[in-house]
Structure formats: structure tokens, C-alpha cells
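Chain by chain, the residues run as shown.
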Amino acid sequence: MGGFIAQVIAAEEPDLVRKLILAGTGPAGGPGIDKVTSVTIQDMLKATCG
């Protein structure tokens with residue numbers, strides 16, 4: 001999930017990222033990939049709501 005988040009940050013805030021190297025991220029369609037969206041939303045809610 002870290003690779004996914006890094007890509008989102010690089011796309012949305014390009015001034016914050018000079019270079020991005022992704023290594024060891026999960027392959028497309030890998031185990032659990034169908035849960036990424038719900039897990040990401042839950043983590044964002046935890047981070048903002050306490």
C-alpha cells in the first residue's frame with residue numbers, strides 16, 4: 001500500500017517530490033489488491049478523526 005500512496009502524493013503534489021523510486025511494491029492484481037480502497041479510506045479516517 002505504501003507504493004500506491006507514494007504515487008498518489010507524487011501525482012497530487014509534484015512540488016513535494018523530486019524523484020520517486022518504487023521497489024518491492026505489490027504487483028497489480030496481487031493478493032489483497034481488492035481491499036486497497038477500503039483499507040486506505042479507513043486509515044485516512046483514523047488519521048483525521050483520531
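One can find the structure itself at the top, above this paragraph.
Residues numbered from 1 in each chain as written. Predicted model: local features only at pLDDT ≥ 70, side-chain atom pairs only at ≥ 80, totals over all residues. Heavy atoms only, no water.

(A) Just the overall build of the protein, in detail. Scanning the protein for helices and strands turns up 2 helices and 0 strands. Summarising its shape, the C-alpha atoms of the protein cover approximately 30 × 30 × 15 Å along the three principal directions. In the protein, buried positions account for 10% of the 50 residues. A distance of 9 Å separates the average location of the 4 positive side-chain charges in the protein from that of its 5 negative side-chain charges. (Helix = DSSP H or I, 4+ residues; strand = E, 2+ residues; numbered from the N terminus. Buried < 20%, exposed > 50% of the residue type's maximum accessible area, 1.4 Å probe, protein only. Lys, Arg positive; Asp, Glu negative; His and termini not counted. Charge placed at Lys NZ, Arg CZ, Asp CG, Glu CD.)

(B) Structural detail: the pattern of salt bridges. On inspection of all chains with the given rule, the structure shows 1 salt bridge. Here Lys-35 makes a salt bridge to Asp-34, at a shortest N to O gap of 3.9 Å. Relative accessible area serves as the criterion here: at 62%, Asp-34 is assigned to the exposed category. (Salt bridge = Lys/Arg side-chain N within 4 Å of Asp/Glu carboxyl O.)

(C) Quick peek at a nonpolar patch on the surface. Taken together, Phe-4, Ile-5, Ile-9 and Leu-16 make up a surface patch of nonpolar side chains, about 380 Å² in accessible area. Inspection of the secondary structure puts Ile-9 in helix H1 (residues 2-12). (Patch = residues over 30% accessible without salt bridge, like charges linked within 9 Å, V, L, I, M, F, W, Y side chains within 5 Å. Areas by Shrake-Rupley, 256 points an atom, 1.4 Å probe, with all protein chains shown as cover.)

(D) Region of interest: the environment of Glu-13. Here Glu-13 lies in the loop between H1 and helix H2 (36-49). On a C-alpha basis, the gap between Glu-13 and Ala-23 in space is 20 Å, while along the polypeptide they are 10 residues apart.

(E) Local environment of the environment of Ala-6. Along the polypeptide, Ala-6 turns up in helix H1. For Ala-6 and Gln-42, which are 36 residues apart along the polypeptide, the C-alpha to C-alpha distance reads 17 Å.

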